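Architecture and fold: a report
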Amino acid sequence: MTTIKLHNTKTRKREKFVPIDPENVRMYVCGPTVYDRAHLGNARPVIVFDVLYRLLRHVYGPDHVTYVRNFTDVDDKINARAAESGRSIGEITAETTQWFLDDMAAVGALEPNEMPRATAYIPQMIAMIEGLIASGHAYAAEGHVLFAVESYKEYGALSGRSIDDMIAGARVEVAPYKRNPMDFVLWKPSDDATPGWDSPWGRGRPGWHIECSAMADELLWKKPLSEDRLSDEAKKHPHVFDIHGGGLDLQFPHHEDEIAQSCCANGTDEMARYWLHNEMLQVEGKKMSKSLGNFFTVRDLLDQGVPGEVIRFVMLSTHYRKPMDWTRESAETAKKTLQGWRQITEFVKPTKPTKKILAALTDDLNTSLALSELEAIAERKDAGALKASANLLGLLQDELGPWSWERRPAKDFEDVPAWHPSADWLAQATKPLIDALQVEKGGLKKFSIAGAQKFSFNFPKTNFDALKFNPNLPKINVPNIDPKVLEGIKRLGKYYDRLETEYPAELALLRNEPFSTLTISTMNAIQNAGIVKMVEQRQLAKAEKNYAKADELRALLNAKGFELSDTAEGPQLFLNDNFDIDKLEEL
């Protein structure tokens, strides 16, 4: 089996990842507090651990990995937002939770297996707090319950901080009911204006840290145990799971407090085997700050036209344990690179990720190296491997595709086309091209190139096998049609093929290069007028060395709007300025 190596914050070493139960790999990542839009920095841990989730699924199988990421929906920031806006807490958290899910989907993140809301696990938190009090690790005081830090000798081991550093870093609240300044809140009282639940210590609400301890234990130990999904080996390590992740800013005090609570409540030496933390984000070399005017939410960038896939690419271009710098230049570079990759892989089925891609990702998620390898695969034009390898990083996913189409303003419709367009949308997108060609009486007449060009860029570039017509027909070309219009028609053809929808006669293409936009009815009219027969007669005259007859036929064709060209592959007909379908009957 593939070996994964991860940098374990707990040991400060890069270690071989050995799951407790390979049949049930378990990972918990701290999620957002849902009171507002997710800022750009919030997206980094989501993307980092999404890549790890994809890698674990690839190595151990999708059905053998459980990923939990929580929503904190009870918090003083949420209470403050409700008071400011006059809206209910439930309304705010429901809205912002969906915002988060939508924005993270836009950057290509898979949804975790479990996404618990803190308010749904209040009974489990109360039970854990009661156990901590009973074992002497916590105490009640003035409606609060606090964890007694001195009762846990290993406190501070994860972050490696001294007591003085921890006091400073935690910004501890000095309160008369605390036995030790470092003691942290497990439960606090609520007034009538704030949400609260009945408890042995009065009406109140949980502290932030206890939430993750309770939810992780419920979903990564108790639930799989009750469903008999854990191996005998896993049962030898009760309450312990494989990976706990989050941003570096959570290492202390949040994760330090989680470990203390969980280990003391469950009687274990550890909460999780491996702890992973991603570094912070900067914008144009500076810390992201509203005061500096460089504070962006993910939605801000999406609304500015920065594709979610570009955001993801930029995030992955820096190793997760290094500070990442978001710049406009890096976003533009990412956009151009992804557009090139999408042109190579469009309509291609993924094969398998390359060994070098797997080697990079299994080496502590070296995504920057993996992106370099993707570029090498792109240069080799190995489309299947490129798509499979990129998919493992969450890139080149079909659902993220529409942004890569070079868009132009269009008055006819506003919605960006879906990656898998519907038949209705396809018909709507085709109409401007048909209108631009101004097909009248079943034939081809002059048209507005500008009108057709406006829509021709709405579709990804692709190689399109033209519809096959009678192989005995000469090639007919329309040299005065802008090539960009032809490209738009060719691209549309692929979508008609994918949907198994009949291709409009008005846009039918002749076989092979060069392409034509002659309609089927025009083709029929040309055949009925004997044009093809005249070409065949001229070929026969040439073969018999009757050059006078051949020249006569060429002149006749030219007068009626056809220019004949002899090539090594055979004769080709072009329409010239004299062409008029109404005059075909006179031939």
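Preceding this paragraph is the structure being described.
All right, on to the overall build of the protein chain then. Within the protein chain, the secondary structure is distributed over 20 helices and 16 strands. Within the protein chain, buried positions represent 52% of all 587 residues. Long-range pairs, those at least 24 residues apart, make up 74% of the contacts in the protein chain between residues at least 6 apart in sequence. As displayed, the protein chain offers around 27100 Å² of accessible surface, 48% of which is attributable to carbon and sulfur atoms.

On to the environment of Leu292. Relative to the helices and strands, Leu292 resides in the loop between strand S12 (286–287) and helix H9 (298–303). Once you skip the residues sitting within four places of it in the chain, Leu292 turns out to touch Lys286 and Lys287.

Attention now goes to the pairing of strand S1 (residues 5–8). With four bridges connecting them, S1 and strand S2 (residues 13–16) associate as antiparallel partners. Its bridge partner being in S2, His7 is matched across the sheet by Arg14. In textbook terms, the turn of a hairpin is the stretch between consecutive antiparallel strands, and for S1 and S2 this stretch comprises four residues, one of which, Arg12, has a positive phi near 60°.

Within the open sheet, the four strands sit side by side as S4-S3-S9-S10. Their pairing is parallel. In this open sheet, the two strands that pair with only one neighbour each are strand S4 (65–69) and strand S10 (272–278). Each strand axis lies, on average, 20° off the axis of its neighbour in the sheet, ignoring direction. In terms of strand pairing, strand S9 (residues 241–247) meets S10 through six bridges, oriented parallel. Bridged to Gly246 within S10 is His277. The sheet contacts of helix H8 (residues 251–266) involve S9 and S10, and relative to S9 the element is tilted by about 160°.

Along the polypeptide, Glu211 turns up in helix H6 (residues 208–226). For the buried Glu211, no salt bridge is present, and the opposite-charge side chain at shortest range is Lys188, 8.3 Å distant.

Let us now look at the packing of helix H11 (residues 328–345) against helix H13 (residues 367–380). One can describe the packing of H11 onto H13 by two numbers: an axis separation of 11 Å at closest approach and a directional angle of 45°. Taken together, the axes of H11 and H13 lie oblique to each other. Every pair of crossing elements has a handedness; the one defined by H11 and H13 is left-handed. Residue-level contacts link Thr337, Trp341 and Ile344 of H11 to Leu371, Leu374, Glu375 and Ala378 of H13. The residue makeup of the contact of H11 with H13, split by class, is five nonpolar, one polar and one charged.

The next point concerns the nonpolar core. Counting residues in each nonpolar core, the largest one holds 71 residues, and the members touching the most others are Leu56, Ile311, Trp326, Trp341 and Leu395. When residues of this core are assigned to their parent elements, the largest contribution, 13 residues, is made by helix H1 (residues 40–60). Excluding residues within four positions of it along the chain, Leu395 makes contact with Glu309, Arg312, Phe313, Leu338, Trp341, Leu371, Leu374 and Ala390. Counting 42 residues, the second largest nonpolar core, distinct from the first, contains Val68, Cys212, Ala216 and Leu250.

All right, on to the packing of aromatic side chains then. This model, assessed by the stated rule, comprises nine aromatic pairs. Arranged with centres 5.9 Å apart and planes meeting at 55°, the rings of Trp187 and Trp201 form a pair that is tilted. Separated by 14 residues along the polypeptide, Trp187 in strand S7 (residues 184–189) and Trp201 in the loop between S7 and strand S8 (204–206) bring together distant segments of the chain. Neither Trp187 nor Trp201 differs from the other in exposure class; each is buried. Aromatic rings pair up to connect Phe147, Tyr155, Phe184 and Phe252 into one cluster. Taking the ring centre of Trp99 as reference, the NZ or CZ of Arg37 above it sits at 4.1 Å.

Right, let's get into the sheet that holds strand S13 (residues 324–326). Strands sit in the order S12-S11-S13 across an open sheet of three strands; the sheet is mixed. In this open sheet, the two strands that pair with only one neighbour each are S12 and S13. Strand direction decides the pairing type here: strand S11 (residues 281–283) and S13, joined by three bridges, are parallel. The residue bridging Val283 from the neighbouring strand is Trp326, located in S13.

This structure, assessed with the given rule, holds 24 salt bridges. Two residues, Arg54 and Asp50, come together in a salt bridge whose shortest N-O distance is 2.8 Å. Taken together, the residues Arg54 and Asp50, both in helix H1 and four residues apart, mark about one turn of the helix. Taking the relative accessible area as the measure of exposure, Arg54 reaches 11% and is therefore buried. When its relative accessible area of 1% is taken as the criterion, Asp50 is described as buried. Here Glu270 makes a salt bridge to Arg273, at a shortest N to O gap of 2.6 Å.

Analysis parameters
- Residues numbered from 1 in each chain as written.
- Predicted model: local features only at pLDDT ≥ 70, side-chain atom pairs only at ≥ 80, totals over all residues.
- Heavy atoms only, no water.
- Helix = DSSP H or I, 4+ residues; strand = E, 2+ residues; numbered from the N terminus.
- Buried < 20%, exposed > 50% of the residue type's maximum accessible area, 1.4 Å probe, protein only.
- Contact = heavy atoms within 4.5 Å.
- Areas by Shrake-Rupley, 256 points an atom, 1.4 Å probe, with all protein chains shown as cover.
- Pairing = 2+ DSSP bridges.
- Axes fitted to C-alpha atoms, helices over the stretch in contact; angles between N-to-C directions.
- Lys, Arg positive; Asp, Glu negative; His and termini not counted.
- Salt bridge = Lys/Arg side-chain N within 4 Å of Asp/Glu carboxyl O.
- Parallel < 35°, antiparallel > 145°, perpendicular 65-115°, else oblique.
- Left-handed = near helix turned anticlockwise from the far one by under 90°.
- Nonpolar A, V, L, I, M, F, W, Y, C, P; charged D, E, K, R; others polar.
- Core = buried A, V, L, I, M, F, W, Y, C linked by side-chain atoms within 4.5 Å.
- Phe/Tyr/Trp six-rings, centres within 6.5 Å; stacked < 30°, edge-to-face > 60°.
- Lys NZ or Arg CZ within 6 Å of the ring centre and 35° of its normal.

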